[in-house]
Every structure is written in structure tokens, then in C-alpha cells.
Amino acid sequence: QVQLVESGGGLVQAGGSLRLSCATSGRTVRSYNMGWFRQAPGKEREFVAQIHWAGSSTFYADSVKGRFTISRDNANGTVYLSMNNLKPEDTAVYYCAAGRTWSKPTTAENYGYWGQGTQVTVSS
């Protein structure tokens, strides 16, 4: 069993920054690829970023490339999403996810475990 708990969301002005955290637990969680997805009201859940379980390989959606950075601390299992130069269109509920299939690009189908989500609101 894998448990994921997101935190760090909030209200920021356009151009600002936030760092989301995903606390993980579970015996095998370190062997999972980790991803971030987001969903705005009335929209489908979309891929944001992912990081391979074994190292530094990462992949980003074009919409966030150069602004967002995904990282992980294998010592404590925490996964981060650092978000810079935020835009109003980044407003969404952000979800942390864990999965076993590495694919570039990827979809939510490759992730079997999900957190509860954390709200990010970017004002103009």
C-alpha cells in the first residue's frame, strides 16, 4: 500500500512561486515513479511532471517546462514540485501520484496511487 499526502498549496499572485510537497509512505514507495497532475474545474486531469524512481530522469508538460521542477528526497520519501513564475492558468487542484510504468509522454493510467490533492490558486 502506498499513501500520498500533498501540502503546500495556497493563493499566490501571478509571477509568484510555490513549492508543493508530497509526503509518501509504504514499504515499496521508493520503487515507484512519482508524478504531479492537476485538474481545474470543468477540465480533465492533466499531466504536469514526473520523476523516475531510480534517479534524476524527469519529464514535463510543455505548459510548465522551464517554470516547474520536480524533485525527490529519497531519504524521507518526500516529492516536491517547485513552481515559479506562476500564471492564472496554473490554477487547479494538484495531485501527487505514484506508478510503476515509466513512459514519456505519460498519462494518468500509468499511475495507480493518488493523493487527496492540494489547491493552487494564482490571481492576476
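These numbers were taken from a predicted model, which means no experiment stands behind them.

Chemist: What is the right way to look at the overall build of the chain in this model?
Modeler: Assigned secondary structure in the chain consists of 0 helices and 11 strands. Secondary structure elements in the chain, listed N-terminal to C-terminal, are β-β-β-β-β-β-β-β-β-β-β. Here the C-alpha atoms of the chain give a radius of gyration of 13 Å, agreeing with the 14 Å that 2.2 N^0.38 yields for 124 residues. Principal-axis analysis of the C-alpha atoms places the extent of the chain at approximately 40 × 25 × 25 Å. Split into buried and exposed, the 124 residues of the chain put 43% on the buried side. Pairs at least 24 apart in sequence give 59% of the contacts found in the chain among residues at least 6 apart. Surface summary for the chain: the accessible area is close to 6,300 Å², and the carbon and sulfur share equals 46%. Placing the 12 positive and 8 negative side-chain charges of the chain at their respective mean positions leaves the two points 7 Å apart.

Chemist: What exactly am I supposed to notice about the state of the cysteines here?
Modeler: A covalent bond between the sulfur atoms of two cysteines is what we call a disulfide. Counting across every chain of the model gives 1 disulfide. Disulfide pairing is shown between Cys-22 and Cys-96; the S-S distance is 2.1 Å. Taking the sign of the S-S torsion, -80° for the link of Cys-22 and Cys-96, the bridge is left-handed. Here Cys-96 lies in strand 9 (residues 92-99) and Cys-22 lies in strand 3 (residues 18-25), a separation of 74 residues in the sequence. For Cys-22, a relative accessible area of 0% gives the class buried.

Chemist: Quick question: what am I supposed to make of the side chain of Ser-21 here?
Modeler: Inspection of the secondary structure assignment puts Ser-21 in strand 3. For Ser-21, a relative accessible area of 16% puts it in the buried group. Look past the residues within four positions of Ser-21 in its chain and what remains in contact with it is Val-5, Glu-6, Ser-7, Trp-36, Thr-78, Val-79 and Tyr-80.

Chemist: Is there a simple way to think about empty space enclosed by the protein in this case?
Modeler: Over the atoms, a rolled probe matching the size of one water molecule traces out where space is still vacant. Scanning all chains against the criterion turns up 1 cavity of 30 Å³ or more. Considered as a void within the structure, the largest cavity measures approximately 30 Å³ in volume. In terms of lining residues, the largest cavity is bounded by Thr-24, Val-29, Arg-30, Arg-72, Asn-74 and Gly-77.

Chemist: I'm lost on the pattern of salt bridges in this one. Help?
Modeler: For side chains of opposite charge, pairing can occur when their charged atoms come near one another. Per the stated rule, a full pass over the model turns up 4 salt bridges. Between Asp-90 and Arg-38 there is a salt bridge, with its nearest N and O atoms 2.9 Å apart. Here the residue Asp-90 occupies a position in the loop between strand 8 (78-83) and strand 9, and Arg-38 occupies one in strand 4 (residues 33-39), the gap between them amounting to 52 residues. A relative accessible area of 5% means that Arg-38 is categorised as buried. Close ionic contact of Arg-67 with Asp-90 constitutes a salt bridge, the shortest N to O distance being 2.8 Å.

Chemist: Which parts of the structure should I look at to understand the sheet that holds strand 7 (residues 68-73)?
Modeler: Hydrogen bonds along the backbone pair up the strands of a sheet, which may run parallel or antiparallel. An order of 1-3-8-7 is seen for the 4 strands of this open sheet, with the pairing classed as antiparallel. Each edge of the open sheet is held by one strand with a lone partner, namely strand 1 (3-7) and strand 7. Strand-to-strand twist across the sheet, computed as the mean angle between neighbouring axes with direction ignored, equals 15°.

Criteria and cut-off values
Residues numbered from 1 in each chain as written. Predicted model: local features only at pLDDT ≥ 70, side-chain atom pairs only at ≥ 80, totals over all residues. Heavy atoms only, no water. Helix = DSSP H or I, 4+ residues; strand = E, 2+ residues; numbered from the N terminus. Rg over C-alpha atoms; globule rule 2.2 N^0.38 Å. Buried < 20%, exposed > 50% of the residue type's maximum accessible area, 1.4 Å probe, protein only. Contact = heavy atoms within 4.5 Å. Areas by Shrake-Rupley, 256 points an atom, 1.4 Å probe, with all protein chains shown as cover. Lys, Arg positive; Asp, Glu negative; His and termini not counted. Charge placed at Lys NZ, Arg CZ, Asp CG, Glu CD. Disulfide = S-S within 2.5 Å. 1 Å grid on protein atoms, 1.4 Å probe; cavity = no way out; pocket = protein on both sides within 12 Å on 5 of 7 lines; lining within 4 Å. Points joined across faces, edges and corners; volume = space filled by probe spheres on them. Salt bridge = Lys/Arg side-chain N within 4 Å of Asp/Glu carboxyl O. Pairing = 2+ DSSP bridges. Axes fitted to C-alpha atoms, helices over the stretch in contact; angles between N-to-C directions.

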